[in-house]
Amino acid sequence: MMRNPLVDQRDVQFVLFELLKIDDLKKFPKFADQDKDMYEATIDLALKMAVEEVYSVNKEADKTGVKYDPETKKVMIPEGYKAALRKYNEAGFVGMIEDPEIGGMGMPGAIAMACSEIFTSASLSFTTYPGLSHGAAALIKNFGTEEQKNLYLEKMLTGQWGGTMCLTEPEAGSDVGNLKTKAIPQPDGTYLIQGQKIFITSGDNDFYENIIHPVLARIEGDPPGTKGISIFIVPKYRVNPDGSLGEFNDVVCSGIEHKMGIHGSATCTLNFGDNGKCIGRLLGQPRQGMKIMFHMMNEARLGVACQGLALSTTAYMHAVTYARNRIQGVHVTQMLNPEAPKVAIIEHPDVKRMLLWMKGYVEGMRMLNYYLAHNATLIEVLDGDAKKEAQGMVEILIPIAKAGCTDTAVLVTSEAIQVYGGYGYTADYPVEQYMRDSKITQIYEGTNGIQSMDLTMRKILMNPEQYNYTIMKKRMAETIAKAKGVVEDKYI
Ligand SMILES: Cc1cc2nc3c(=O)[nH]c(=O)nc-3n(C[C@H](O)[C@H](O)[C@H](O)COP(=O)(O)OP(=O)(O)OC[C@H]3O[C@@H](n4cnc5c(N)ncnc54)[C@H](O)[C@@H]3O)c2cc1C
């Protein structure tokens, strides 16, 4: 195991191999040629790259941020990220869970989740680029035609092209159904896209050769509200039938946001079709846009839950190291002894309390996230009732994980500053960035208020016979029954 400043590797291994027993997936044909050694080697590689390539440029990227040139309309991402992205792409991390035939590694979800925690703990902003690329590619994989898959998938999953998700507009934030972007049908079956999207992560940048935007828009004449929304594939540069780049597709970045945190992540306003030349192709069927986008949103929401976990993880790790090295005061039992030696602050009960509180949440969040990712894998390999149960667990736990882990991240990163004292509040130390970066996780991918509505309405009340809730209660009862035996046998 490699000593590192980001995550406790032993704790990661505990959840993966002792709790979830990920290596048991070997019994399914999809994972038959994989084993624990392979998973551990992948995690070792992720850690090494995260520390050496990503963490090493995180502070500088936070300081310089993303730049925008209003003359050329170009968006420049931090230089350090580019070298790191190249290595990340070459190692195959973009499509970790995808099949090798389309450029992936074919790994289980929980291993990908562990790697995601590791890279995100090195720099959240960095991971927004490959994260969005994978999410957009997965949409095309699940809903695209064979032609669309052949044109886009491999290039996106190998990191040659990037991806986004384009929902938000000035008057359509939480209320997505209020969007105004139009799709005008053309005789050749394509659509002219016209409208403006705001707050688009990785919406433009000088790293990818091309950027593929899944865009929510309303076909002219379709009904208002979410029911009338369709989804289109809109590339920055048109793609020729042989996969080569064609002409510019009239997608212009008209500005970027200057934000409290995630400075290295490009948050762009995108104008589609200001010159009437933006062509989009329908993804799936007309008026199925929200249903299709929900697939990407579910993955993205789990990704944001992981961001909450990762920021908490790295904040905790930094706080422990700092507390071991900062000498201040004497041990509480020696308070009246003028000769008493000074101690590291980790010796003080109140600092221990803060660290243990943080660690408790970090471990809980890690278990929840890995468990969710593991259930997503089980959906793929199981059949019948077992598959249905795994599906139910994923559906109900996603809003819980997204809101729970991100609300907690704001508290845990704040507590890390408390452990550092005044130094933690300064830009000379890393933890203030974690707190700034954590705030957005409560807001994007649907605010945490919207997650609560998703949980109570879509995932419970509107779910036929409240199946999801019944399964979750059953699993909780099983866990409590198991824990009862352990607690009574060992501690009572
Ligand atoms: C850095 C950043 C990156 C982003 N990346 C993307 C991206 O890549 N793609 C994309 O499409 N969007 C992106 N967004 C947009 C983000 O998803 C929205 O900001 C978010 O969904 C909230 O929308 P809003 O900002 O319009 O807030 P509003 O919808 O105006 O919400 C304001 C407040 O009202 C509450 N509220 C709103 N409606 C209800 C309701 N019906 N019931 C109860 N409470 C309600 C909200 O919970 C919130 O507290 C990004 C935003 C930021 C800041």
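The coordinates are above.
Since the structure is predicted, the reported quantities are computational estimates derived from the model, not experimental observations. (Residues numbered from 1 in each chain as written. Predicted model: local features only at pLDDT ≥ 70, side-chain atom pairs only at ≥ 80, totals over all residues. Heavy atoms only, no water.)

**Focus on helix α10 (residues 431–439)**
- Judged by how many residues are buried, α10 sits mostly within the fold: seven of nine residues are covered.
- Within α10, the full set of buried residues consists of V431, E432, Q433, Y434, R436, D437 and S438.
- Structurally, α10 contributes buried residues whose contacts are with α2 (36–64), α4 (109–122), α5 (124–143), α7 (289–325) and α9 (384–420). (Buried < 20%, exposed > 50% of the residue type's maximum accessible area, 1.4 Å probe, protein only. Helix = DSSP H or I, 4+ residues; strand = E, 2+ residues; numbered from the N terminus. Contact = heavy atoms within 4.5 Å.)

**Section: unusual backbone geometry**
- For K21, which is not glycine, the phi dihedral falls at a positive 50°.
- Relative to the assigned elements, K21 resides in the loop between α1 (9–19) and α2.
- The phi dihedral of E445 falls on the positive side, at around 60°, and the residue is not glycine.
- As for its position among the elements, E445 is in the loop between α10 and α11 (448–461).

**Examining the site of the ligand**
- Around the ligand, the structure places 18 residues, and the nearest of them are T168, S174, F199, T201 and T447.
- Here an oxygen atom of the ligand and a backbone polar atom of L167 are 2.9 Å apart.
- Within the contact set of the ligand, an oxygen atom lies 2.6 Å away from a side-chain nitrogen or oxygen of T447.
- Across the complex, the protein chains shield 63% of the 970 Å² of accessible surface that the ligand would expose by itself.
- Elements supplying a minimum of two residues to the shell around the ligand: β5 (191–201) and α11.
- The element that contributes the greatest number of residues to the shell around the ligand is β5, accounting for three residues.
- Looking at which domains feed residues into the shell around the ligand, each of domain 2 (162–289) and domain 3 (303–491) supplies at least three. (Near = heavy atom within 4 Å. Polar contact = N/O pair within 3.5 Å; in protein donor to acceptor, adjacent residues only side chain to side chain. Areas by Shrake-Rupley, 256 points an atom, 1.4 Å probe, with all protein chains shown as cover. Domains from an automatic or database assignment.)

**A word on the packing of α2 against α4**
- The contact between α2 and α4 brings their axes to 8 Å, and the two run at 20°. Classified by the angle their axes make, α2 and α4 are roughly parallel. Between α2 and α4 lies a crossing of right-handed hand. For the pair α2 and α4, the contacting residues are Y39, T42, I43, A46, L47, M49, A50, V54, Y55 and N58 in the first and I111, A114, C115, I118, F119 and A122 in the second.
- Per-class residue counts for the contact of α2 with α4 are 14 nonpolar, two polar and no charged. (Axes fitted to C-alpha atoms, helices over the stretch in contact; angles between N-to-C directions. Parallel < 35°, antiparallel > 145°, perpendicular 65-115°, else oblique. Left-handed = near helix turned anticlockwise from the far one by under 90°. Nonpolar A, V, L, I, M, F, W, Y, C, P; charged D, E, K, R; others polar.)

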